[in-house]
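What follows is each chain in one-letter form.
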Amino acid sequence: MIIKPDATDRRFIGRIIDRLEKARFQVVQMRMLRLTSAEARRFYAVHEGKPFLDDLVEFMVSGRVVPMVLEKENAVADLRDLIGATDPARAACGTIRQEIALDVQRNSVHASDSDENAAIEIAFFFSD
Ligand code: CMP
């Protein structure tokens with residue numbers, strides 16, 4: 001998972017981690033950093049060619065991000081349920097994005113969409 005700049009700027013790091021821990025996710029690795037444009041573009045390489053990519057990269061480098069590694073049985077699916085739909089206007093009641101996110105771009109958190117992508121995204125931020 002990554003806590004995105006809109007959430008770090010608005011001081012929601014603690015609230016998001018509290019939501020994760022209450023849902024029985026274990027935080028096993030965590031960092032805080034600012035991405036470069038090249039890194040953000042590489043991280044979101046699957047979205048190459050999408051109309052929102054340039055704005056997304058600009059947003060992701062606009063402030064600090066908090067990538068973390070989470071453990072739980074069924075973590076990918078359970079985390080996606082907990083954060084809600086990409087667009088907070090469509091996110092279910094009680095989800096992190098419905099509660100905190102501003103719009104489809106400034107949607108507060110990123111979560112891996114499969115175990116395979118989780119492995120790739122963990123390796124992106126954590127060398128060990
Ligand atoms: P994320 O789950 O990190 O995956 C890609 C990101 O692109 C998404 O969250 C949003 O922050 C951003 N984004 C901006 N516009 C769109 C859009 N129309 N559809 C999907 N993602 C978008």
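For every chain, the first residue of the written sequence is number 1, and numbering continues from 1 onward in sequence order. Local features in a predicted model are, by the rule used here, given only for residues with pLDDT of at least 70; side-chain atom pairs are given and counted only at 80 or more, and totals for whole chains, interfaces and linings are based on all residues. Hydrogens and waters are ignored; side-chain quantities use all the structure's heavy atoms.

Per-residue pLDDT for the chain averages 98, and the proportion of residues at 70 or more is 100%. The least confident element of the chain is helix 7 (residues 115-125), whose mean pLDDT is 97; the most confident is helix 1 (residues 5-9), at 99. Values of pLDDT, which run from 0 to 100, indicate the predictor's confidence residue by residue. The helix count covers DSSP runs of H or I at least four residues long, the strand count covers runs of E at least two residues long, and both are numbered beginning at the N terminus.

A separate point is the side chain of Ser 112. Positionally, Ser 112 belongs in the loop between strand 4 (109-110) and helix 7. We call a residue buried when its accessible area falls under 20% of the maximum for its residue type, exposed when it is over 50%, and partly exposed in between, using a 1.4 Å probe and counting protein chains only. Take Ser 112: its relative accessible area is 11%, and that puts it in the buried class. Of the polar contacts made by the side chain of Ser 112, one reaches the side chain of Glu 121; its length is 2.7 Å. Only heavy atoms enter the contact rule, under which two residues are in contact if any of them lie within 4.5 Å. With near-sequence residues (within four places) excluded, Ser 112 lies in contact with Val 76, Arg 80, Asn 117, Ala 118 and Glu 121. Polar contacts here mean pairs of N or O atoms no more than 3.5 Å apart (in protein, one a potential hydrogen donor and the other a potential acceptor; neighbouring residues in sequence count only if both atoms are side-chain atoms).

Moving on, we get to the site of the ligand. Within the structure, the ligand sits among Lys 4, Tyr 44, His 47, Phe 52, Leu 56, Thr 86, Arg 97, Val 104, Gln 105, Asn 107 and His 110. Lys 4 is positioned such that a nitrogen or oxygen atom in its side chain is 2.8 Å from an oxygen atom of the ligand. Here the Shrake-Rupley method, with its probe set to 1.4 Å, supplies the accessible areas, and only the displayed protein chains count as covering residues. For the ligand, the protein covers 76% of the area, taking 450 Å² as the surface of the free molecule. For this classification, Asp, Glu, Lys and Arg are treated as charged, while Ala, Val, Leu, Ile, Met, Phe, Trp, Tyr, Cys and Pro are nonpolar and the rest, including Gly, are polar. Of the residues in the shell around the ligand, the class split is four nonpolar, five polar and two charged. By convention in this text, a residue qualifies as near a molecule or strand provided that one of its non-hydrogen atoms is within 4 Å of it.

Bringing the nonpolar core into the picture now. For soluble globular proteins, nonpolar side chains are generally found buried alongside one another. As used here, the term nonpolar core means buried Ala, Val, Leu, Ile, Met, Phe, Trp, Tyr and Cys residues forming a set that is joined through side-chain atoms within 4.5 Å. Met 1, Ile 16, Leu 20, Met 68 and Leu 79 are the most contacted members of the largest nonpolar core, which totals 19 residues. Contributing elements (two or more residues each) for this core: helix 2 (13-22), strand 3 (66-71), helix 5 (75-83) and helix 6 (96-100). Of the residues forming this core, the biggest block, four residues, is contributed by helix 5. In contact with Leu 79, not counting residues within four places along its chain, are Met 1, Leu 20, Phe 25, Leu 70 and Ala 111. The next biggest cluster of nonpolar side chains, apart from the first, holds 16 residues, and it includes Leu 33, Leu 56, Phe 59 and Val 61.

As a further point, take the sheet that holds strand 1 (residues 2-3). One open sheet accounts for four strands, arranged 2-3-1-4; its pairing is antiparallel. Across the chains shown, the open sheet's two edge strands, defined by having one partner strand only, are strand 2 (26-30) and strand 4. Strands pair, by our definition, only if DSSP identifies at least two bridges between them. As defined by bridge partners, strand 2 adjoins strand 3 across four bridges and the pair is classed as antiparallel. Each residue of the ladder has a partner; that of Val 27, found in strand 3, is Leu 70. Lines fitted to C-alpha atoms define the axes, with helix axes restricted to the stretch in contact, and inter-axis angles between N-to-C directions lie between 0 and 180 degrees. Contacts from helix 2 reach strand 1, strand 2, strand 3 and strand 4 within the one sheet, and its direction differs from that of strand 3 by about 10 degrees.

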